[in-house]
Amino acid sequence: MAVSMKGRDIISIHDLTVEEVNQILDTAQILKMKQKIGDIYHPLQGKTLGMIFQKASTRTRISFEVAMWQLGGYALYLSAGDLQLKRGETIADTARVLSRYLDGIMIRTYSHQEVLDLAEYSTVPVINGLTDLLHPCQVLSDLFTIKEKKGRLEGVNLVYIGDGNNMAHSLMFGGAKAGMHVTICSPSGYEPDPGITALARADAAKTGAAISIHGDAAEAVKTADIIYTDVWASMGQEEEHAQRLKAFERYQVNSGLLAGARDDVLVMHCLPAHRGEEITGEVVDGPRSIVFDQAENRLHLQKAILALVM
Ligand code: CP
Ligand code: NVA
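Sequence positions are assigned chain by chain, starting from 1 and proceeding in written order. Following the order in which they are written, the chains are lettered starting with A and the ligands numbered starting with 1. Local features in this predicted model are restricted to residues of pLDDT 70 or higher, and side-chain atom pairs are both shown and tallied only at a pLDDT of 80 or more, whereas totals for entire chains, interfaces and linings draw on every residue. In computing side-chain values, all of the structure's heavy atoms are included and hydrogens and water are not.

A. Molecular detail of the overall build of the protein. Elements are defined by DSSP. Helices are runs of H or I of four residues or more, strands are runs of E of two residues or more, and each kind is numbered from the N terminus. The helix and strand inventory of the protein stands at 12 helices and 9 strands. Radius of gyration means the value over C-alpha atoms here, while the globule rule gives 2.2 Å times the residue count to the 0.38 power. For 310 residues, the compact-globule formula gives about 19 Å, and the C-alpha radius of gyration of the protein, at 19 Å, lands near that figure. On the principal axes, the C-alpha backbone points of the protein span a range of 55 × 45 × 35 Å. Counting all 310 residues of the protein, 55% fall into the buried class. Look at the contacts in the protein between residues 6 or more apart in sequence, and 75% of them connect residues 24 or more apart. As presented, the protein carries roughly 13,100 Å² of accessible surface, and 51% of it is formed by carbon and sulfur atoms. Here the protein carries 30 positive and 38 negative side-chain charges, and the mean point of each set is 4 Å from the other. Summary of the burial criterion: residues with accessible area below 20% of their type's maximum are buried, those above 50% are exposed, and those between are partly exposed, where the area comes from a 1.4 Å probe applied to protein chains only. Should any heavy atoms of two residues lie within 4.5 Å, those residues are counted as being in contact. The accessible surface values rely on the Shrake-Rupley method and a 1.4 Å probe; as for residues, cover is taken only from the protein chains in view. The convention is simple: Lys and Arg are positive, Asp and Glu are negative, and His and the chain ends are not counted. One atom stands in for each charge, and that atom is NZ of Lys, CZ of Arg, CG of Asp or CD of Glu.

B. Up close: the sheet that holds strand β1 (residues 48–53). The pairing criterion is simple: DSSP has to find at least two bridges between the two strands. Strand order in the open sheet made by the 4 strands is β2-β1-β3-β4, with parallel pairing throughout. Across the chains shown, the open sheet's two edge strands, defined by having one partner strand only, are β2 (74–79) and β4 (126–128). Adjacent strand axes in the sheet meet at a mean angle of 20 degrees when their direction is disregarded. Relative to β2, β1 is paired through 6 bridges, and the arrangement is parallel. Bridge pairing links Phe-53 to Ser-79 in β2. Think of each axis as a best-fit line through the C-alpha atoms, taken over the contacting stretch in the case of a helix, with angles from 0 to 180 degrees between the N-to-C directions. Packed on one face of the sheet, helix α4 (residues 112–121) meets β3 (104–108) and β4 and runs near 165 degrees to β4.

C. Just the environment of Leu-301, in detail. Considering the arrangement of structural elements, one finds Leu-301 in helix α12 (residues 291–309). Between the C-alpha atom of Leu-301 and that of Gly-46, which follows or precedes it by 255 residues, the distance is 21 Å. Excluding its chain neighbours within four sequence positions, the residues that come into contact with Leu-301 are Ile-24, Leu-25, Ala-28, Cys-137, Leu-140, Ser-141 and Phe-144.

D. Broad picture of the packing of helix α5 (residues 136–150) against helix α6 (residues 166–178). Interaxial distance between α5 and α6 falls to 9 Å at its minimum, and their mutual angle equals 45 degrees. As judged from the angle between their axes, α5 and α6 are oblique. You can see that α5 and α6 cross each other, and the crossing is right-handed. Between α5 and α6, the contacting residues are Pro-136, Gln-138, Val-139, Asp-142 and Leu-143 on the first element and Met-167, Ser-170, Leu-171, Gly-174 and Ala-178 on the second. To sort the angles, those under 35 degrees are grouped as roughly parallel, those over 145 as roughly antiparallel, those from 65 to 115 as roughly perpendicular, and the leftovers as oblique. By definition, any crossing whose near helix is turned counterclockwise from its far helix by less than a right angle is left-handed, and any crossing with a clockwise turn is right-handed.

E. The site of ligand 1, seen in detail. For each residue, the test is whether any non-hydrogen atom lies within 4 Å of the molecule or strand; if one does, the residue is near. With respect to spatial proximity, the complete set of residues near ligand 1 consists of Ser-57, Thr-58, Arg-59, Thr-60, Arg-108, His-135, Gln-138, Cys-270, Leu-271 and Arg-298. Whenever a nitrogen or oxygen atom comes within 3.5 Å of another N or O atom, the pair is scored as a polar contact, on the condition that within protein one atom can donate a hydrogen and the other can accept it, and that pairs from neighbouring residues in sequence are kept only if both atoms are in side chains. At 2.7 Å from an oxygen atom of ligand 1 is found a side-chain nitrogen or oxygen belonging to Thr-60. Interatomic distance of 2.8 Å between a side-chain N/O atom of His-135 and an oxygen atom of ligand 1. Its free accessible area being 250 Å², ligand 1 has 95% of it covered by the protein chains. In this classification, the charged set is Asp, Glu, Lys and Arg, the nonpolar set is Ala, Val, Leu, Ile, Met, Phe, Trp, Tyr, Cys and Pro, and all remaining amino acids, among them Gly, are polar. Here the shell around ligand 1 is composed, by residue class, of 2 nonpolar, 5 polar and 3 charged.

F. Layout of the site of ligand 2. Inspection of the region around ligand 2 gives Leu-130, His-135, Asn-165, Asn-166, Asp-230, Val-231, Ser-234, Met-235 and Leu-271 as its neighbouring residues. Within the side chain of Asp-230, an N or O atom sits 2.6 Å from a nitrogen atom of ligand 2. Met-235 has a polar backbone atom sitting 2.8 Å from an oxygen atom of ligand 2. Bound to the protein, ligand 2 loses 94% of the 270 Å² it would expose on its own. Considered class by class, the residues forming the shell around ligand 2 number 4 nonpolar, 4 polar and 1 charged.

G. Layout of the environment of Ile-13. Within the fold, Ile-13 resides in the segment before α1 (18–36). Here the alpha-carbon distance between Ile-13 and Leu-245, two residues 232 residues apart in the chain, equals 30 Å. Once residues lying within four places of it in the same chain are set aside, the contact partners of Ile-13 are Val-21, Pro-136, Val-139, Leu-140, Ser-170, Phe-173, Gly-174 and Lys-177.

H. Just the side chain of Ser-170, in detail. Locating Ser-170 in the fold gives a position in helix α6. Residue Ser-170 is classed as buried on the basis of its relative accessible area of 1%.

I. Structural detail: the pairing of β3. For β3, the buried fraction is high: 5 of the 5 residues fall into the buried class. In β3, alternate side chains face the same way, and those of Gly-104, Met-106 and Arg-108 on one face and Ile-105 and Ile-107 on the other are all buried. The pairing of β1 with β3 spans 5 bridges and is classified as parallel. Directly across from Leu-49, in β3, lies its bridge partner Gly-104. Bridge analysis of β3 against β4 gives 3 bridges, and the strand direction is parallel. Bridge pairing in β4 links Met-106 to Ile-127.

See the structure below:
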């Protein structure tokens, strides 16, 4: 039975029910198929999405903009530096004003609280396009990609190697809802937030997923179906780059690591990739890599989100 998601905020996968996650994935599959056969579908005719960006973006900006266009609507790029936000207008007033013009708001910013505040004062759905804490649209897309490639999510074993950052957090939340086992391998001091890990484990207990934190990447990848990595220094951490290069040097996804994994292991990365840092060129550009399928699926998955909530 379809559940209505009209007006729903998409801020954290933890807030979604298992049924809602499945509905998003099923809708993405239908919309991807429609696009591939050239079937025009315009459920968002006359509707506008505002997209606030406090940080850079290639995939998120373009995939959301194209998604709105393909669904018959319009997307407005709002650079935070050009909004009155920069001059001290509150998030609450911004939310109330934007709600009078727009049918949905997507926001990419630093502070997760800012997205929560925006949603509190907005009367239109708010979509989290990445915060320092979470990246739900990326991980919902990744669940869709894994399901396409592996035919299932339940019982799939995903091993994430790297920083316990927004991607690690959302992967734990996504895995927990989907019944997919997620192991996070991070150097000491860079593990995921314990509060997020605890919430993910509580969700996982309901679906049979296992959420593990493991220090030894070589050991963890032995049974992996998917090896996932992300940049060592996220947006906003540029000044820590040199220190992080050192801290993460034993956490690179390279052919040596892959040699200890199964032959059918797939390698994922949300991109942008830094070849020679978290992943080597031969792996990201090699036969096990599905990173560009991941990037494409942002479009299909976000079309599903937009069509469902707007
Ligand atoms: N993966 C991702 O969100 O990419 P962008 O930063 O380019 O949007
Ligand atoms: N962890 C990365 C993800 C980029 C899509 C960052 O926040 O910069």
